[in-house]
Amino acid sequence: MDLGKQMRFPRINLHNHTIFSDGDFTVEEVVRSARDSGLTHVAITDHFETEKLPSPLRKENFDRYLDCIRSAGDSVGNGMKVLAGVEIDANPERCDLYELPFDMLNRLDLVLFEFVDDPLNGGVPLNELRSLVKELRVPFGFCHWDMDRIYRDREPEWLADKLAEIGAFVEVPTSQHYARQGRFLYEHSERFYRAFDGKVKVSIGTDMHHSLDQVGNIDRGLRFLRDNRLCDQLLFNEK
Ligand SMILES: [Zn+2]
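Residues numbered from 1 in each chain as written. Predicted model: local features only at pLDDT ≥ 70, side-chain atom pairs only at ≥ 80, totals over all residues.

### Comments concerning the overall build of the protein chain
Then step 1. Along the backbone of the protein chain there are 10 helices and 9 strands.
Then step 2. Taken over the C-alpha trace, the protein chain has a radius of gyration of 17 Å; the compact-globule value for 239 residues is 18 Å, and the two agree within 12%.
Then step 3. In terms of its C-alpha atoms, the protein chain occupies a principal-axis envelope of roughly 45 × 45 × 35 Å.
Then step 4. A buried classification covers 46% of the 239 residues belonging to the protein chain. (Helix = DSSP H or I, 4+ residues; strand = E, 2+ residues; numbered from the N terminus. Rg over C-alpha atoms; globule rule 2.2 N^0.38 Å. Buried ≥ 20, exposed ≤ 12 C-beta atoms within 10 Å, placed from the backbone.)

### What about the pairing of strand S6 (residues 168–173)?
Then step 1. Along S6, 6 of the 6 residues are buried, which leaves the element largely enclosed by surrounding structure.
Then step 2. Of the two faces of S6, both are covered, the one formed by Ala168, Val170 and Val172 as well as the one formed by Phe169, Glu171 and Pro173.
Then step 3. Taken together, the 3 bridges between strand S5 (residues 140–143) and S6 define a ladder with parallel strand orientation. Across the sheet, residue Phe142 finds its bridge partner in S6, namely Val170. (Pairing = 2+ DSSP bridges.)

### Observations regarding helix H10 (residues 219–227)
Then step 1. Buried residues of H10: Gly221, Leu222 and Leu225, and no others. Across the axial projection of H10, the buried residues extend over an arc of 100°, all falling on one side.
Then step 2. One or two positions beyond H10, positive phi appears at Arg229, with a value near 50°. (Arc of directions from axis to C-beta.)

### Points about the packing of helix H2 (residues 27–36) against helix H3 (residues 62–76)
Then step 1. Where H2 contacts H3, the axes come no closer than 10 Å and their chain directions differ by 35°. The interaxial crossing formed by H2 with H3 has right-handed handedness. On H3, the residues touching Val27, Glu28, Val31 and Arg35 of H2 are Cys68, Ile69, Ala72 and Val76. (Axes fitted to C-alpha atoms, helices over the stretch in contact; angles between N-to-C directions. Left-handed = near helix turned anticlockwise from the far one by under 90°. Contact = placed C-beta atoms within 7 Å.)

### Quick look at the nonpolar core
Then step 1. Core analysis: the biggest nonpolar cluster contains 67 residues, and Val42, Val111, Phe113, Val170 and Val202 have the highest contact counts within it.
Then step 2. Among the elements that line this core, the one with the most residues is strand S3 (residues 81–89), at 5 residues. (Core = buried A, V, L, I, M, F, W, Y, C linked by C-beta atoms within 7 Å.)

### Examining H2
Then step 1. When we look at burial in H2, the residues that qualify are Val27, Val30, Val31, Ser33 and Ala34. The buried residues of H2 occupy an angular sector of 160° when projected down its axis, which confines them to one face.
Then step 2. Here the buried face of H2 lies against strand S1 (12–13), strand S2 (41–47), H3 and S3.
Then step 3. Looking one or two places after H2, you find Gly38, whose phi comes out positive at around 75°.

### Some thoughts on unusual backbone geometry
Then step 1. Of note, the phi angle at Glu49 is positive, near 40°, even though the residue is not glycine.
Then step 2. Relative to the elements of secondary structure, Glu49 occurs in the loop between S2 and H3.

### Describing the environment of Asn61
Then step 1. Of note, Asn61 is situated in the loop between S2 and H3.
Then step 2. By the C-beta count within 10 Å, which is 16 here, Asn61 ends up partly exposed.
Then step 3. Between the C-alpha atom of Asn61 and that of Phe20, which follows or precedes it by 41 residues, the distance is 8.4 Å.

### Quick look at the sheet that holds strand S9 (residues 202–205)
Then step 1. In spatial order, the strands read S1-S2-S3-S4-S5-S6-S9; together these 7 strands make up an open sheet with parallel pairing. The open sheet terminates on both sides in strands that have one partner only, identified here as S1 and S9.
Then step 2. Against the sheet, H2 contacts S1, S2 and S3, and its axis sits at roughly 150° relative to S2.

### Description of the pairing of S3
Then step 1. For S3, a buried count of 8 out of 9 residues is recorded, marking the element as mostly surrounded by other parts of the structure.
Then step 2. The sheet contact formed by S2 and S3 spans 7 bridges and is parallel. Looking at S3, one finds that Ile44 is bridged to Ala84.
Then step 3. Following the backbone out of S2, through H3 and into the adjacent parallel S3, one traces a crossover that is right-handed.
Then step 4. In the sheet, S3 pairs with strand S4 (residues 110–114) via 5 bridges, with the strands oriented parallel. Residue Gly85 lies in a different strand from S4, and its bridge partner there is Leu110. (Right-handed = clockwise from strand over helix to strand, strands pointing away.)

### Observations concerning the environment of Lys162
Then step 1. Within the secondary structure layout, Lys162 lies in helix H7 (residues 156–166).
Then step 2. On the basis of neighbour counts, which here come to 18 C-beta atoms within 10 Å, the residue Lys162 falls in the partly exposed class.
Then step 3. Placed 37 residues apart in sequence, Lys162 and Lys199 show a C-alpha to C-alpha distance of 9.8 Å.

Written out as structure tokens, the structure is:
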């Protein structure tokens, strides 16, 4: 089922890993799989310079990484957009958030941050993140973000206003890994997404590492956004 076309909204998956960090597949394999599953936009977002992993994407491989994504985009040939991003660990013990290489990051199409403001994962507070990314000129957002847990005592409108101010988007993470008590994390956080209406941009990401059939796994996320009238706020929705 091609829910995006049916709904006239972009079918995006803006969170995928490759052999440039801890994924099992090449950029070309992910891009081909995205094309075959009818996506309109796919982003490669490997883990960047974090001690969380033995071999993240390193600065010295950045040019090769970007070339590889751009040439995969040039050769895909069906109008699908292939976007370049990275995922940054917001834990300052594992990632040098105080010396982010903006000359590199600003050549990307988007930047994901994981664990922002998340005490369980040592992520920097929202306000601090905001000052750390002042020089970032490309869209950035927060992936697999457990808002329901992190902001349990906050009003959804408070968070929506804060994010609108910072200019961050929020992902809808569709991987089975991001679930609790039989429900997806984004379902637990529905009250927050609802408050994003007219304020905060959203994306869909599968956080694909090990299974190519996950590249196209976005329909449930798209339906969730449609039900919350957020499809107009999808990132890269060019209409
Ligand atoms: Zn990821």
